[in-house]
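Geometric and topological summary
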Amino acid sequence: MAEKKTTKKAAAVKAEEPKKATVKKAAAPKKAVVAVNAENAGFKAGDVYQALAAAEKALTVKEIAKAAKISEEETLLGLGWLFKEGKLATADEKITLA
């Protein structure tokens, strides 16, 4: 009989313990996946070039990405292509056509 009382008492203690609140973690923002190949780099370079030509002024990387409607990573890929070809110039962290 003594064992049954302890078992009931232990069960009562467990029932009285407060339940732990579950915490949902915020989903991490997804990063853009950029296919790095010659074809994609060429297309992104074209997007960047068109955005700079339309703006007719120096732009930051963020401004170019917004104007071209591509991610900043894709913008950097296109900028690298255009810098290699000598089509860009920089001044005060802004980029313009050379």
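What counts as what
Residues numbered from 1 in each chain as written. Predicted model: local features only at pLDDT ≥ 70, side-chain atom pairs only at ≥ 80, totals over all residues. Heavy atoms only, no water. Helix = DSSP H or I, 4+ residues; strand = E, 2+ residues; numbered from the N terminus. Contact = heavy atoms within 4.5 Å. Buried < 20%, exposed > 50% of the residue type's maximum accessible area, 1.4 Å probe, protein only. Pairing = 2+ DSSP bridges. Core = buried A, V, L, I, M, F, W, Y, C linked by side-chain atoms within 4.5 Å. Axes fitted to C-alpha atoms, helices over the stretch in contact; angles between N-to-C directions. Parallel < 35°, antiparallel > 145°, perpendicular 65-115°, else oblique. Nonpolar A, V, L, I, M, F, W, Y, C, P; charged D, E, K, R; others polar.

A word on the overall build of the protein chain. Assigned secondary structure in the protein chain consists of four helices and two strands. Start at the N end of the protein chain and walk to the C end: the helices and strands fall as α-α-α-α-β-β. Within the protein chain, counting contacts between residues at least 6 apart in sequence, those at least 24 apart form 53% of the total.

Attention shifts here to the side chain of N40. Along the chain, N40 turns up in helix α2 (residues 38-55). Here N40 falls in the buried class, since its relative accessible area comes to 17%. Setting aside residues no more than four positions away along its own chain, N40 makes contact with V34, A35 and L77.

Time to look at the pairing of strand β2 (residues 94-97). One ladder, built from four bridges, connects strand β1 (residues 88-91) with β2; its direction is antiparallel. Paired with A91 across the bridge in β2 is K94. Linkage of β1 to β2, two consecutive antiparallel strands, is achieved through a turn of two residues, within which D92 is found at a positive phi near 50°.

Once that is clear, we can look at the nonpolar core. In terms of nonpolar packing, the biggest core is built from twelve residues, these being A45, V48, A51, L52, L59, I64, A68, I70, L79, L82, L88 and I95. Breaking this core down by element, the ones donating at least two residues are α2, α3 (61-68) and α4 (72-84). Tallying contributions element by element places α2 first for this core, with four residues. Once residues within four sequence positions are removed from consideration, L52 is found in contact with K57, L59, I64, L88, I95, T96 and L97.

Before going further, it helps to examine the environment of F43. Its place among the elements puts F43 in helix α2. For the pair F43 and W81, spaced 38 residues apart in sequence, the C-alpha separation works out to 9.9 Å.

Further remarks concern the packing of α3 against α4. Viewed as axis vectors pointing N to C, α3 and α4 meet at an angle of 100°, and their least axial separation amounts to 9 Å. One way to sum up the angle between α3 and α4 is to call them roughly perpendicular. On α4, the residues that touch V61, K62, I64 and A65 of α3 are E72, T75, L76 and L79. Classifying every residue of the contact of α3 with α4 gives five nonpolar, one polar and two charged.

Along the chain, A98 turns up in the segment after β2. The exposed category is assigned to A98, whose relative accessible area is 71%. Each C-alpha atom of the pair A98 and K87 lies 5.2 Å from the other, and the pair is eleven residues apart in sequence. Discounting residues that sit within four places of it in the chain, A98 has contacts with G86, K87, L88 and A89.

By themselves, these observations are geometric and do not establish any function.
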